[in-house]
Amino acid sequence: MIVTIDGPAGAGKSSAARRLARRLGFSFLDTGAMYRAVALAGRRQGVDWENPPELSALAAGLRLELTDDRIFMNGEDVTEAIRTLEITTLTQFAADNEAVRRRLIDQQRKFAEGRNIVTEGRDQATVVFPHAECKIFLTASEEERARRRFQDLLARGEEVDLEEVLKKQRVRDQRDVERQFGGLAKAADSIEMVTDGLSPEQVVDRLEEIVRAHQH
Ligand code: C5P
């Protein structure tokens, strides 16, 4: 069974999807981490961000391995390195790159072969797994999402300002929505869930109910 969870940044997708997968005994796929890893590789190589083929050539040589809570790039654990504010901003270059997207989409479909998964991203229900058995669109208000991201970054020891996080989030939201290929969109057959005011526990409970209702 494939369960897709799409939605904007900061809606609480990652932690909810990971916990949901654990409860169901499914594998978890964090597709955002894959785009982030490509950006990290680009940053380290000093690619010219204005020249997309450079980044896609680099992505072609990357070996990404994902477990339920870690991501390895050519054997190196980059789980923490991909979460900084700098990499978060640069990730747009990977996400905007159609050749990179096609490559990562192939890898995502391979990951799903022969197993039950909860997969999380922006385009999982619309592009990558249009035939998924259960599709969820998880969202929250702009303010709530910015607050959560801010707390996250603080906890990671980054120096951040809430207003700046909100501003960057708006730019990112807009780019995610306007992206021609693989942009953020709610699939017609997705169930929308707004997480404002819900505890992480309540979100996972509700998600589990939805999935169980789709299992036969
Ligand atoms: O979910 P996360 O914040 O880790 O995603 C990082 C970025 O990667 C997003 O802002 C989005 O631009 C991009 N992304 C994407 N398609 C996905 C997952 C993430 O374009 N399936």
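The coordinates are above.
Residues numbered from 1 in each chain as written. Predicted model: local features only at pLDDT ≥ 70, side-chain atom pairs only at ≥ 80, totals over all residues. Heavy atoms only, no water.

> How should the side chain of D173 be read in this particular structure?
Locating D173 in the fold gives a position in helix α8 (residues 162-178). If sequence neighbours within four positions are ignored, D173 has contacts with P8, A9 and R145. (Helix = DSSP H or I, 4+ residues; strand = E, 2+ residues; numbered from the N terminus. Contact = heavy atoms within 4.5 Å.)

> Mind showing me how you'd approach unusual backbone geometry here?
Comment: phi is negative for the bulk of residues other than glycine, and the bulk of peptide bonds are trans. Phi is positive for N74, close to 45 degrees, though the residue is something other than glycine. For N74, the position within the fold is in the loop between β4 (71-73) and β5 (76-77). In this structure N74 comes out as partly exposed when scored by relative accessible area, which is 40%. (Buried < 20%, exposed > 50% of the residue type's maximum accessible area, 1.4 Å probe, protein only.)

> What should I look at first to understand the site of the ligand in this one?
By nearness alone, 18 residues border the ligand, and R36, R101, D123, R172 and D176 come closest of all. Contact distances for the ligand include 2.6 Å between an oxygen atom and a side-chain N or O atom of R36. A distance of 2.6 Å separates an oxygen atom of the ligand from a polar side-chain atom of D176. Relative to its free-state accessible area of 450 Å², the ligand is covered by the protein chains to the extent of 98%. Every element with two or more residues in the shell around the ligand is listed here: α2 (31-45), α4 (85-95), β6 (117-121) and α8. Counting residues per element, the shell around the ligand draws most heavily on α2, at four residues. (Near = heavy atom within 4 Å. Polar contact = N/O pair within 3.5 Å; in protein donor to acceptor, adjacent residues only side chain to side chain. Areas by Shrake-Rupley, 256 points an atom, 1.4 Å probe, with all protein chains shown as cover.)

> Is there a simple way to explain the sheet that holds β5 in this structure?
Taken together, the three strands give an open sheet; going across it, the order is β3-β4-β5, and neighbouring strands pair in antiparallel fashion. The open sheet terminates on both sides in strands that have one partner only, identified here as β3 (64-66) and β5. Note that β4 and β5 share two bridges and pair antiparallel. Considered in β5, the bridge of F72 is made with D77. With respect to the sheet, α2 is in contact with β3, β4 and β5, its orientation differing from that of β4 by roughly 35 degrees. (Pairing = 2+ DSSP bridges. Axes fitted to C-alpha atoms, helices over the stretch in contact; angles between N-to-C directions.)

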